[in-house]
Amino acid sequence: MMSKHREDRSALFRELRGVGADLEEQISARDRAGEFSHDAWKRYAELGVQGLLVPRGYGGGGCTPLEYAEVMEELGAACPDNGLLLALGAQILAVQQPVQEFGDDRQRAAYLPGLVSGRSIGAHAMSEPATGSDALALTTTARREGDAYVLDGHKRYVTNGPVADVFVVYATIDSALGFTGVTAFLVERHDAGVRVTPGEEKMGLRTASWGDVALEDCRIPASRRLGAEKQGAKVFARTMAWERALILAPWLGVIRREIDACVGFSRRRRQFGKHIGHFQSVSHRLVDMRMRWEMARLVTRRAAEELAGQGEGILPELCKLYTSEAAVETFRESQQIHGALGYTGGGRIERNLRDALGMTLSSGTSDMQRNIIAGQMGLTWPDREG
Ligand SMILES: Cc1cc2nc3c(=O)[nH]c(=O)nc-3n(C[C@H](O)[C@H](O)[C@H](O)COP(=O)(O)OP(=O)(O)OC[C@H]3O[C@@H](n4cnc5c(N)ncnc54)[C@H](O)[C@@H]3O)c2cc1C
């Protein structure tokens, strides 16, 4: 477990490299098939990955957000499966964190040990067919009936949906209240009225499953409300701060590994009698890639530090925006450096480019990160009509 490894990071990193090496052999085939690896999920849980941020009392490692970012960078450097990295982040940051911060003792004891140990999988269900960027305009309803809530609605693009045991679901207790009516709930896969169907095929991040979650007369005990009634917007805002600050932490490792691969290739590949790294168009590209990686790492570390408090600054959004765009740029540049080799189907570069594009959409599009930052700068956001 992580607690054992905190004193011996290099042992943990060695084991992460072992899991990554095994995944390397299967990644092309699993990417084509769109297959999630339950085996790797369990192996990461055994190494304490899912529990990194969870207090030791619930079976976790009790890491700070900064320590989490450092470990996830190494995990990302070792793991070729970006879908799995997204799946891990979705559970850790958007399920475990809200349960930890807004759940009561019984909810924490009921859900965290299973999620940390890999026995169960969590998913975050906010988006709906008609609401994406304007997430808090959701239409899923929760009606109080005695000691229960009855949920009705439809959630879409739920990462981990098809494999999840527990969902954090956002619904409104009174649509006339607008976003102030939004409330969070813990819904279990086997609750009556829950129907999960696999989502459409994705362009990238294909080894993370996603799906639709339909809730029809879904009756859950009132004790499964996460936080207070009408506190859902706050739960969601805090969840987004965690996600935006840390969902791309593994990509710091992915980008670092790609830069190393590009440097190696540029020193081997020869044209016009010289290795291509000799040409400034190539070497300067590599310098820009390195610069973006350093900047992404700095902003991630600052955003992670800010998370340790309750700060509501712009660092999570800056981090999400900058790092996801840096990831796309890295693989576009890598493709140029590798020429036609970078354009071959089923190869590392095209797969990573497809995956990186997805990271500019999940946890809010780049446009929305800019809107939120502009709002924090005293400009015009939110701009919801009516
Ligand atoms: C890989 C992946 C994983 C995901 N996982 C989950 C998950 O686990 N749980 C979940 O609930 N959701 C998930 N999502 C959904 C994700 O949160 C939404 O895709 C995202 O919020 C954007 O919503 P949308 O796709 O409906 O686009 P829309 O909101 O319809 O936006 C369409 C376009 O309009 C732009 N736009 C919209 N409003 C504005 C505005 N005010 N100003 C400027 N531009 C604007 C957007 O930037 C975008 O370019 C996932 C998405 C992806 C791609």
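Another aspect to go through is the overall build of the protein chain. Assigned secondary structure in the protein chain consists of 12 helices and 10 strands. Here the C-alpha radius of gyration of the protein chain, 21 Å, is about what a compact globule of 386 residues would show, namely 21 Å. Along the three orthogonal principal directions, the C-alpha set of the protein chain runs to about 80 × 45 × 40 Å. When each of the 386 residues of the protein chain is scored for burial, the buried share is 49%. In the protein chain, of all internal contacts separated by at least 6 residues, the share reaching a separation of at least 24 is 75%.

For the rest of this paragraph, the subject is the site of the ligand. Close contacts around the ligand come from 21 residues, with Gly132, Ser133, Thr159, Thr365 and Asp367 the closest. Contributing elements (two or more residues each) for the shell around the ligand: strand E1 (122-125), strand E3 (148-159) and helix H12 (366-376). Of the residues assigned to the shell around the ligand, the class counts are nine nonpolar, 10 polar and two charged. When residues of the shell around the ligand are assigned to domains, at least three fall in each of domain 2 (124-229) and domain 3 (235-376).

Okay, the environment of leucine 246 next. Tracing the backbone shows leucine 246 in helix H7 (residues 232-246). With 64 residues separating them in the primary sequence, leucine 246 and valine 182 have C-alpha atoms 24 Å apart. Not counting residues within four places of it along the chain, the set of residues in contact with leucine 246 comprises Pro65, Tyr68, Ala69, Gly89, Leu93 and Ala304.

Take helix H5 (residues 82-102) next. End to end, H5 covers 29 Å across 21 residues, agreeing with the expected 30 Å (1.5 Å per residue, within 8%). The largest bend along H5 measures about 30° and falls at glutamine 96, with the proline proline 98 one to four residues further on. In terms of residue burial, H5 counts as a mostly covered element, since 19 of its 21 residues are buried.

On to the nonpolar core. Within the largest apolar cluster, 108 residues are counted, with the highest numbers of intra-cluster contacts made by Leu151 and Phe185. Here the element with the most residues in this core is H5; it accounts for 12 residues. In contact with phenylalanine 185, other than residues within four places in its own chain, are Ala142, Tyr149, Leu151, Val169, Ala171, Ile220, Arg224, Arg225 and Leu226.

Judged from the five bridges that link them, strand E2 (residues 141-145) and E3 form a sheet pairing that is antiparallel. The residue of E3 that forms the bridge with glutamate 145 is alanine 148. Here E2 folds back onto E3, and the loop between the two strands holds two residues, one of which, glycine 146, carries a positive phi near 60°.

Taken as a whole, the protein chain is organised into domain 1 (2-121), domain 2 (124-229) and domain 3 (235-376). Each of domain 1 and domain 3 was reduced to a C-alpha centroid, and the two centroids are 21 Å apart. Listed as interface residues are 22 residues of domain 1 and, on the opposing side, 25 residues of domain 3. If you list the elements that add at least two residues to the side of domain 1 that touches domain 3, you get helix H2 (9-33), helix H4 (65-78) and H5. Among the elements that take part in the side of domain 1 that touches domain 3, H4 stands out by supplying 10 residues, more than any other.

This paragraph deals with helix H11 (residues 348-359). With 12 residues, H11 extends 17 Å between its outermost C-alpha atoms, agreeing within 8% with the 16 Å of an ideal straight helix rising 1.5 Å per residue. Taken residue by residue, H11 has Ile349, Arg351, Asn352, Leu353, Asp355, Ala356, Gly358 and Met359 as its buried positions. On its buried side, H11 packs onto H2, H5, helix H8 (249-268) and helix H10 (315-338).

Right, let's get into the packing of H7 against helix H9 (residues 280-307). Think of two packed helices as two axes; the pair is described by the angle between the axes and how far apart they sit. Between H7 and H9, the least distance of the axes is 9 Å, while the angle of their chain directions is 155°. Judged by the angle between their axes, H7 and H9 are roughly antiparallel. Handedness of the H7/H9 crossing: left-handed. Between H7 and H9, the residues in contact are Ala241, Trp242, Ala245 and Leu246 and Ala303, Ala304 and Leu307, respectively. Among the residues forming the contact of H7 with H9, the class breakdown is seven nonpolar, no polar and no charged.

So, on to unusual backbone geometry. Even without a glycine there, the phi angle at lysine 230 is positive, about 70°. Structurally, lysine 230 is set in the loop between strand E8 (225-226) and H7. Lysine 230 sits in the partly exposed class, given 16 other C-beta atoms within 10 Å. Of note in this structure, phenylalanine 272 is not a glycine but carries a positive phi near 55°. Looking at where phenylalanine 272 falls in the secondary structure, it is placed in the loop between strand E9 (270-271) and strand E10 (274-275).

Moving on, we get to the environment of alanine 90. Tracing the chain through its elements places alanine 90 in helix H5. In this structure, the C-alpha to C-alpha distance between alanine 90 and glycine 122, residues 32 residues apart in sequence, is 7.7 Å. Leaving out residues up to four positions away in the same chain, alanine 90 has contacts with Ala123, His124, Thr159 and Asn160.

Cut-offs used in this document
- Residues numbered from 1 in each chain as written.
- Predicted model: local features only at pLDDT ≥ 70, side-chain atom pairs only at ≥ 80, totals over all residues.
- Helix = DSSP H or I, 4+ residues; strand = E, 2+ residues; numbered from the N terminus.
- Rg over C-alpha atoms; globule rule 2.2 N^0.38 Å.
- Buried ≥ 20, exposed ≤ 12 C-beta atoms within 10 Å, placed from the backbone.
- Contact = placed C-beta atoms within 7 Å.
- Near = placed C-beta within 6 Å.
- Nonpolar A, V, L, I, M, F, W, Y, C, P; charged D, E, K, R; others polar.
- Domains from an automatic or database assignment.
- Expected span 1.5 Å × (residues − 1).
- Bend = angle between axes of the 7 residues up to and from the residue.
- Core = buried A, V, L, I, M, F, W, Y, C linked by C-beta atoms within 7 Å.
- Pairing = 2+ DSSP bridges.
- Axes fitted to C-alpha atoms, helices over the stretch in contact; angles between N-to-C directions.
- Parallel < 35°, antiparallel > 145°, perpendicular 65-115°, else oblique.
- Left-handed = near helix turned anticlockwise from the far one by under 90°.

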